[in-house]
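Summary of the model geometry
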Amino acid sequence: MGDQLEPSVPSTQLEPDTTFTPGSVEHLTPDPGVEQRVTSAPGSGVTPVTPADLSRLYPPLPRGEFSPSVLPPSSGQSHRDEFFALRPGALQAAISETERTLGEEDGKVQGAWLLTEVDHWNRESERLVLLTPRVLLVSHYDFVGLSCHLLVRIPLHYIDSITVGPFHFPTTSLSRRCGLGLRLGWDKLHESSFRSRWNPWARDLPTIILTEHPGVESGHLSPLGSLGAFRTELTQGVGTAHREQPLAGRANGPLILEKPIQMETVLGLVSALSNWAQLGYAKPRRLLGF
C-alpha cells in the first residue's frame with residue numbers, strides 16, 4: 001500500500017497543572033470597596049475579621065424592641081354575643097329538637113319560652129319551656145353542644161298551684177334577686193324532706209320556680225322571654241286540662257296565688273358566686289372556656 005495514515009495530533013495540548021503555594025496570593029490586592037469578612041490562617045495576607053465586625057454584621061436585637069400589639073375587644077358587644085341561645089337559628093333548632101320528643105297524645109306545641117329556672121339553692125339555670133294542651137316540658141338544653149341534657153315532663157292536670165310574686169329571702173342570705181318569679185307545684189299535700197331541701201342536686205321536689213331570662217333586656221327574646229305571657233298561657237292551659245281530665249279527690253282547677261315566693265337560702269354563698277358568674281347559662285367564657 002502506498003501512504004500510511006499518521007496518528008492524529010490533538011489541536012490543543014493540555015498544559016500541566018499549576019501548583020499554587022500560599023505565597024502566591026500575596027500579589028493579589030483586595031478591593032478596598034469590598035469588606036473582608038473571611039478569616040484566614042496566619043501569614044496568608046488576608047485581614048481577619050474582628051469581634052467588632054461581627055457585632056456590626058449580626059446585631060443582638062435585629063428586630064429591636066418589637067412586640068405584637070394586643071387589641072382590646074370591641075365595646076359594642078350585644079346580648080347576642082353574650083348568650084349562645086340568642087344567636088341566629090339556635091333557639092329555633094332547640095325548639096324543633098325538643099318538639100320531636102312529644103307524642104301524639106300530648107298535642108302540638110302552643111308556645112315556647114326561654115326562661116330561667118331557680119332551684120331551691122337559688123342557683124340559676126337556662127331552660128327551654130314548651131307548652132302543649134296536655135303537658136309542660138322544661139328542657140335543660142345545651143346551646144353549646146346542641147343537645148338536651150335533661151327533660152322534665154309535667155302533665156298539666158297534675159299542676160295544682162301557681163304562685164306569682166317577688167322573691168323573699170332570709171335576712172342572713174348573701175344571695176338575693178330582684179324581679180318576679182313563678183312557682184308551680186303538682187303535689188301541694190306533699191312536704192319535701194329535710195334531706196331533699198339540703199341536697200343541691202335533688203330532683204324529687206314537687207315544685208319548680210321560673211323567672212325571666214337575662215337576655216330579655218336586649219329585646220331579642222320578645223315574646224319568647226316574657227314571664228307574663230307564659231303565666232297567661234300556663235294558667236289557661238292548666239284550667240282547661242283540669243276540666244277535661246279531672247283528678248279524683250282534687251278541687252276543680254288550680255290554686256292561683258299572688259304572694260312573695262319564699263326562698264330557704266340561709267347563707268347562699270355558693271349560689272351567689274354561681275349566679276354572679278352566670279354558670280347556668282351557655283355563653284362565651286373568654287379565657288376560662290365554657
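For the rest of this paragraph, the subject is the confidence of the model for the protein. Summary statistics for the protein give a mean pLDDT of 79 and a share of 75% for residues scoring 70 or more. Within the model, the stretch residues 1-5 combines pLDDT values under 50 with 0 contacts to residues more than four positions away or in other chains. With pLDDT under 50 throughout, residues 20-28 is counted as low confidence; its partners more than four residues away or in other chains account for 1 contact.

Residues three or four positions apart in an α-helix share a direction because the helix packs 3.6 residues into each turn. Of all the positions in helix H6 (residues 269-277), only Ser271, Ser274 and Asn275 are classed as buried. Looking straight down H6, one finds that the buried residues subtend no more than 95 degrees of arc, so they occupy a single side. Seen from the open side of H6, the exposed residues pointing more than 90 degrees away from its buried face are Leu273 and Trp276. Those residues of H6 hidden inside the fold are in contact with strand E2 (124-131). Once H6 finishes, Gln278 follows within two positions and takes phi at roughly 55 degrees, a positive value.

With that settled, the discussion passes to the pairing of strand E7 (residues 207-212). Of the strand pairs in this sheet, strand E1 (residues 111-118) and E7 are connected by 4 bridges, and their pairing is antiparallel. Across the sheet, residue Thr116 finds its bridge partner in E7, namely Thr211. Note: strand E6 (residues 180-185) against E7, 5 bridges, orientation antiparallel. Bridge pairing in E7 places Arg183 opposite Ile209.

Moving on, we get to helix H3 (residues 90-99). Ala90, Leu91, Ala94, Ile95 and Thr98 are the residues of H3 that are buried. Down the axis of H3, the buried set is contained in an arc of 130 degrees. They therefore lie on one face. Against E1, E2, strand E3 (135-142) and strand E4 (147-155) lie the buried residues of H3.

The subject of this paragraph is the environment of Val129. Turning to its location among the elements, Val129 is positioned in strand E2. In this structure, the C-alpha to C-alpha distance between Val129 and Tyr141, residues 12 residues apart in sequence, is 9.9 Å. If we skip the residues at most four places from it in the chain, Val129 touches Gly111, Ala112, Trp113, Leu115, Leu136, Leu137, Leu210 and Phe230.

With that settled, the discussion passes to the packing of aromatic side chains. As enumerated under the stated definition, the model contains 4 aromatic pairs in all. On the numbers, 5.2 Å between centres and 70 degrees between planes, the contact of Trp113 with Phe230 is edge-to-face. Here Phe230 lies in helix H5 (residues 227-244) and Trp113 lies in strand E1, a separation of 117 residues in the sequence. There is no split in this pair, since Trp113 and Phe230 are both buried. Centre to centre, the rings of Tyr141 and Phe143 are 5.0 Å apart; their planes meet at 65 degrees, and the pair counts as edge-to-face. In this structure, Arg177 is placed above the aromatic ring of Phe167, and the distance from its NZ or CZ to the ring centre is 5.5 Å.

What follows is about the layout of surface pockets. In this structure, the largest pocket occupies an estimated 1100 Å³ of space. Of the residues assigned to the lining of the largest pocket, the class counts are 19 nonpolar, 11 polar and 13 charged.

In this fold, His213 is placed in the loop between E7 and H5. Of the polar contacts made by the side chain of His213, one reaches the backbone nitrogen of Gly215; its length is 2.8 Å. For His213, the residues in contact, after removing those within four places along its chain, are Phe83, Leu114, Leu115, Thr116, Glu126, Leu221 and Tyr281.

With phi around 65 degrees, Asn122 is a residue other than glycine that occupies positive phi space. By the secondary structure assignment, Asn122 is in the loop between E1 and E2. At Leu146, a residue that is not glycine, the phi angle is positive and equals roughly 55 degrees. With respect to the helices, strands and loops of the structure, Leu146 is situated in the loop between E3 and E4.

In this fold, Asp160 is placed in the loop between E4 and strand E5 (161-168). We classify Asp160 as buried; its relative accessible area is 6%. Apart from residues no more than four positions distant in its own chain, Asp160 is found in contact with Gly185, Trp186, Asp187, Lys188, Arg250, Pro254 and Leu255.

Rules and cut-offs
Residues numbered from 1 in each chain as written. Predicted model: local features only at pLDDT ≥ 70, side-chain atom pairs only at ≥ 80, totals over all residues. Heavy atoms only, no water. pLDDT = per-residue confidence, 0-100. Contact = heavy atoms within 4.5 Å. Buried < 20%, exposed > 50% of the residue type's maximum accessible area, 1.4 Å probe, protein only. Helix = DSSP H or I, 4+ residues; strand = E, 2+ residues; numbered from the N terminus. Arc of directions from axis to C-beta. Pairing = 2+ DSSP bridges. Phe/Tyr/Trp six-rings, centres within 6.5 Å; stacked < 30°, edge-to-face > 60°. Lys NZ or Arg CZ within 6 Å of the ring centre and 35° of its normal. 1 Å grid on protein atoms, 1.4 Å probe; cavity = no way out; pocket = protein on both sides within 12 Å on 5 of 7 lines; lining within 4 Å. Points joined across faces, edges and corners; volume = space filled by probe spheres on them. Nonpolar A, V, L, I, M, F, W, Y, C, P; charged D, E, K, R; others polar. Polar contact = N/O pair within 3.5 Å; in protein donor to acceptor, adjacent residues only side chain to side chain.

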